[in-house]
Every structure is written in C-alpha cells, then in structure tokens.
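Structural characterization, general
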Amino acid sequence: MVNIDNAKSQMRKGMLEYCVLLLLRRRASYASDIIQQLKEADLLVVEGTLYPLLSRLKKDGLLSYEWQESTQGPPRKYYALTPDGEVFLSGLDAAWSEIENTVEVLKKEGV
C-alpha cells in the first residue's frame, strides 16, 4: 500500500504560502510567532522551511519587514503584507474557493 504521508506533505507545502499570508493579513508577525500560529492550526512548519518562504515573498514584493525591539532578547523582524501582497492574497482567496468547490463537487455521490 502506498504511504499517504508523502501526499499529505505535498498538500501542506502547496498551501503553506497561502496560510502564511492569511496570518499576516491579521497582523504583522515575526517568524517564531508565525510558526506558533501555524502549529496551533495543526500545520507543523520548521524554521528551515519558513525563512526561505518569507525571504522569497519579501523579494517578490509581497511582504515587507521592520525591526522591533524585544523585551526578551534581540530585536525581532516583523513581517507584514504589502499592498501587492494584499492583491496577491485576494487572488489566492479566489483560487482557494475554486479548489474547495471543485473538491466538494467531486466528493458528492453521483457526479
């Protein structure tokens, strides 16, 4: 029997970018906070996966960041959506709705 873990891993990778942008729509956050929020939503991500994604989104103009002082150590880099990031996320929202609809139609019996 084929192991489902690889398929699940690929699905998670495919939606990670969308989930990170959804979190940053709410408020600017630093990487450890993003990881914690994803964990609370049952999407486990490690720093080695998140940091390259954040760097790419910043390079693509979808995120900005600013350094903020921390009461518990060195300053932290807080990421936020840019206006282009907001537009991109709106496009992902529409794409997710289409995918969700397609899956629901296919799951129904008799289709």
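Analysis parameters
Residues numbered from 1 in each chain as written. Predicted model: local features only at pLDDT ≥ 70, side-chain atom pairs only at ≥ 80, totals over all residues. Heavy atoms only, no water. Helix = DSSP H or I, 4+ residues; strand = E, 2+ residues; numbered from the N terminus. Buried < 20%, exposed > 50% of the residue type's maximum accessible area, 1.4 Å probe, protein only. Pairing = 2+ DSSP bridges. Salt bridge = Lys/Arg side-chain N within 4 Å of Asp/Glu carboxyl O. Core = buried A, V, L, I, M, F, W, Y, C linked by side-chain atoms within 4.5 Å. Contact = heavy atoms within 4.5 Å. pLDDT = per-residue confidence, 0-100. Phe/Tyr/Trp six-rings, centres within 6.5 Å; stacked < 30°, edge-to-face > 60°. Lys NZ or Arg CZ within 6 Å of the ring centre and 35° of its normal.

The subject of this paragraph is unusual backbone geometry. Phi is positive for Asp42, which is not a glycine, with a value near 65°. Relative to the helices and strands, Asp42 is located in the loop between helix H2 (31-40) and helix H3 (47-59). According to the relative accessible area criterion, Asp42 is exposed, its value standing at 69%.

Now for the sheet that holds strand S1 (residues 29-30). Spatially, the 3 strands line up as an open sheet ordered S1-S3-S2, and their pairing is antiparallel. Of all strands in the sheet, those with a lone pairing partner are S1 and strand S2 (63-70), marking the two edges. The sheet contact formed by S2 and strand S3 (residues 73-81) spans 7 bridges and is antiparallel. Bridge pairing links Gln68 to Arg76 in S3.

Considering all chains together, one arrives at 5 salt bridges under this definition. Notably, a salt bridge pairs Asp93 with Arg25, separated by 2.6 Å at the nearest N-O pair. A residue pair is termed long-range when its members are at least 10 positions apart, and Asp93 in helix H4 (residues 83-107) and Arg25 in helix H1 (residues 4-26) qualify at 68 residues. Note that Asp33 is salt-bridged to Arg27, the shortest N-O span being 3.5 Å. The exposure class of Asp33 is buried, given its relative accessible area of 19%. For Arg27, a relative accessible area of 42% corresponds to the partly exposed category. One salt-bridge network, held together by shared partners, links Glu17, Arg56 and Asp60.

Moving on, we get to the nonpolar core. Ranked by size, the top nonpolar core spans 22 residues in total, and within it Val20, Ile34, Leu38, Leu50, Leu54 and Leu63 carry the most contacts. Counting only elements with at least two residues in this core, the list comes to H1, H2, H3 and S3. Of all the elements, H1 adds the most residues to this core, at 7 residues. Contact partners of Val20, with chain neighbours within four places excluded, come to Ile34, Leu38, Leu50, Leu53 and Leu54.

Per-residue confidence for the protein chain gives a mean pLDDT of 92; residues scoring 70 or more make up 97%. Model confidence for the protein chain, summarised as mean pLDDT per element, is weakest for H1 at 91 and strongest for S1 at 96.

Turning our attention to the packing of aromatic side chains. Tallied over the entire structure, the rule returns 4 aromatic pairs. Here the aromatic rings of Tyr18 and Trp96 are separated by 5.8 Å at their centres, their planes lie at 35°, and the arrangement is tilted. Taken together, the residues Tyr18 in helix H1 and Trp96 in helix H4 connect sequence positions 78 residues apart. The class of Trp96 is partly exposed, set by a relative accessible area of 35%. Three or more aromatic residues link up through ring pairs in this structure, and these residues are Tyr65, Trp67 and Tyr79. The ring of Tyr65 has Lys77 sitting right over it, with the charged end atom 4.3 Å from the ring centre.

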